[in-house]
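Topology and contacts: notes
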Amino acid sequence: MALEHAILVSLSERSGTGYQLTRRFDRSIGYFWRATHQQIYRTLARMADQGLVTFAEQPQEGKPDKKVYSVTDTGRAFLSDWIAAAGTPTYLRDELAVKIRGATPGDLPALVDEIRRHRDAHAERAELYRTMEKLDYSDPSTLTGHALQQFLVLRGGVVLEEGLVGWLDEVHSALSRDLTQP
């Protein structure tokens, strides 16, 4: 996936300025696709040149005009083509997994600490997703359209984070047990 796709998805849901897009990435899409503010602004400029998005300038007093971006018909077609295209399944590619596999007995104390740190970070993210789920989707059975799709992505995040927490608990327990073996 390219950043262009994530931006088109966000703008398809609601037009916005570059600043508003960066805030959305910080609060929602960014949990699944990361981009810096600079990357978003550069990509928006390129997308405007390609005709994927357009913008309307809104004057501001004492500041430069702000640009409010929206998706063009060309951008919608580009996004639809990408959605319809066969994608590559996502596979686990994780530095921690390689560390676990490559650790020697002398590395285990530091590795166990690193596993606990990762586990706690995933548990925190899972809790954040569950909180968002409770706040934004009190009755998922009534959802349709974009709201249903947004909910399903959030549920995917919950399930993935909870799965990682469970696996890291298993790894931590096994390696901690191994530490105590002579």
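The text that follows walks through the structure, step by step, so that each part is easy to find.

Parameters at a glance
Residues numbered from 1 in each chain as written. Predicted model: local features only at pLDDT ≥ 70, side-chain atom pairs only at ≥ 80, totals over all residues. Heavy atoms only, no water. Phe/Tyr/Trp six-rings, centres within 6.5 Å; stacked < 30°, edge-to-face > 60°. Lys NZ or Arg CZ within 6 Å of the ring centre and 35° of its normal. Core = buried A, V, L, I, M, F, W, Y, C linked by side-chain atoms within 4.5 Å. Buried < 20%, exposed > 50% of the residue type's maximum accessible area, 1.4 Å probe, protein only. Helix = DSSP H or I, 4+ residues; strand = E, 2+ residues; numbered from the N terminus. Arc of directions from axis to C-beta. Contact = heavy atoms within 4.5 Å. Axes fitted to C-alpha atoms, helices over the stretch in contact; angles between N-to-C directions. Parallel < 35°, antiparallel > 145°, perpendicular 65-115°, else oblique. Left-handed = near helix turned anticlockwise from the far one by under 90°. Nonpolar A, V, L, I, M, F, W, Y, C, P; charged D, E, K, R; others polar.

Throughout the structure, instances matching the rule amount to two aromatic pairs. Note that Lys67 overlies the ring of Phe55, its terminal NZ or CZ placed 4.6 Å from the centroid.

Below, the discussion takes up the nonpolar core. Within the largest apolar cluster, 17 residues are counted, with the highest numbers of intra-cluster contacts made by Ile7, Leu11, Phe25, Ile40 and Leu44. The leading source of residues in this core is helix 1 (residues 3-13), at five residues. Leu96, Leu108, Ile115 and Leu175 belong to the second largest nonpolar core, which has eight residues in total.

For helix 2 (residues 18-27), the full list of buried residues reads Gly18, Leu21, Thr22, Arg24 and Phe25. Axial view of helix 2: buried residues confined to an arc of 155°, hence all on one face. For helix 2, the secondary structure elements touched by its buried residues are helix 1, strand 1 (16-17), helix 3 (37-50) and strand 3 (63-71).

Following both chains from N to C, one finds helix 2 and helix 3 inclined at 130°, their axes separated by 10 Å at the closest point. As far as their axial angle goes, helix 3 and helix 2 are oblique. In this structure, helix 2 crosses over helix 3, and the sense of that crossing is right-handed. Contact residues: helix 2 offers Gly18, Tyr19, Leu21, Thr22, Phe25 and Asp26, while helix 3 offers His37, Ile40, Tyr41 and Leu44. Here the residues of the contact of helix 2 with helix 3 sort into six nonpolar, three polar and one charged.

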